[in-house]
Amino acid sequence: DLLAGKATNTSNGSKQGFSATTARANVVPNITMKHLLTRFTFEIVPGHDNVDGLIVSEVGVKSLNKGNIIVAYNELTPRDATDLIDWTLNAEGEEMATFMLKERVGDVVNSEGVKTKLTDFTEVELDIDPSLNLEENSKKIGEAMFVKPGETIYPMFITFKFPVHDAVGNIVGYNEKTESLNIEKSDKTAFEVGKSYNLQIKVYGYSDIRVIATLEPWENGGD
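Described below are features of the structure shown in this document. (Residues numbered from 1 in each chain as written. Predicted model: local features only at pLDDT ≥ 70, side-chain atom pairs only at ≥ 80, totals over all residues. Heavy atoms only, no water.)

1. Considering the nonpolar core
Now for step 1: Counting 27 residues, the largest nonpolar core has Phe40, Phe42, Val56 and Ile141 as the members making the most contacts within it.
Now for step 2: Where this core is concerned, the elements lending two or more residues are strand E3 (38-46), strand E4 (55-63), strand E11 (139-147), strand E12 (154-166) and strand E14 (196-203).
Now for step 3: At five residues, the largest contribution of residues to this core is made by E12.
Now for step 4: Filtering out sequence-adjacent residues up to four positions away, Ile141 remains in contact with Phe42, Ile44, Val56, Val59, Leu101, Phe121 and Val124. (Core = buried A, V, L, I, M, F, W, Y, C linked by side-chain atoms within 4.5 Å. Buried < 20%, exposed > 50% of the residue type's maximum accessible area, 1.4 Å probe, protein only. Helix = DSSP H or I, 4+ residues; strand = E, 2+ residues; numbered from the N terminus. Contact = heavy atoms within 4.5 Å.)

Structure follows, in structure tokens:
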């Protein structure tokens, strides 16, 4: 996450920032910090009960990820805190980089008692409880992801593993499939800076795939 704040003008036109003037006047400056990025969270929503046993193995989102934070400038009109990043191309000349969804685990704890260590995303298996409505079987996956604000479309991909069953219903393997899609709002407007969006990914799965293996007996090939 990236945040920034700036001093605001007082009634007499002076800046209410940290200065000798505010110190002599016993003024405690209050600088409001604003988020500079857009935040995504992810949720898998079953669309059919045949997704029972489906595994989500990875999620990736593409976004511009290189820029310069401006901390000093000589413009007459001050920049808003949310307009302090000049986005540039990556060193390779590519506009976008792929962010892989991570998760928070481990024993690294900050001052608020929150674990802060991120690691590779662990596969999530959907386990459908028939006593619940389908959408009540939804699962939040991974940690929050921060991307460049102001875009209307973010390309993403998600990789699934669909279970393959034998004739009596036992899982004998998985078919893997990667789906590419775009993250976009229904009204096609841009994703705003400082806002968090929950991405509900509805999955329907394959039809029930069953495999019957018939073994032929060994043939006598001679001595």
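2. A closer look at the packing of aromatic side chains
Now for step 1: The full count for this structure, using the stated rule, is six aromatic pairs.
Now for step 2: Ring plane angle 65° and centroid distance 6.4 Å describe the contact between Phe40 and Tyr197, whose orientation is recorded as edge-to-face. Taken together, the positions of Phe40 in strand E3 and Tyr197 in strand E14 put the pair 157 residues apart, joining distant regions of the chain. The exposure classification of Phe40 matches that of Tyr197, with both residues buried.
Now for step 3: On the basis of an interplanar angle of 45° and a centroid distance of 5.9 Å, the ring pair of Phe160 and Phe162 is categorised as tilted. Per residue, the accessibility class of Phe160 equals that of Phe162, and both read buried.
Now for step 4: These aromatic residues form a ring-pair network of at least three members: Phe40, Tyr154, Phe191 and Tyr197. (Phe/Tyr/Trp six-rings, centres within 6.5 Å; stacked < 30°, edge-to-face > 60°.)

3. Describing unusual backbone geometry
Now for step 1: Even without a glycine there, the phi angle at Lys188 is positive, about 65°.
Now for step 2: Within the secondary structure, Lys188 is located in the loop between strand E13 (171-183) and E14.
Now for step 3: Look at Lys188 and you get exposed, because its relative accessible area is 52%.

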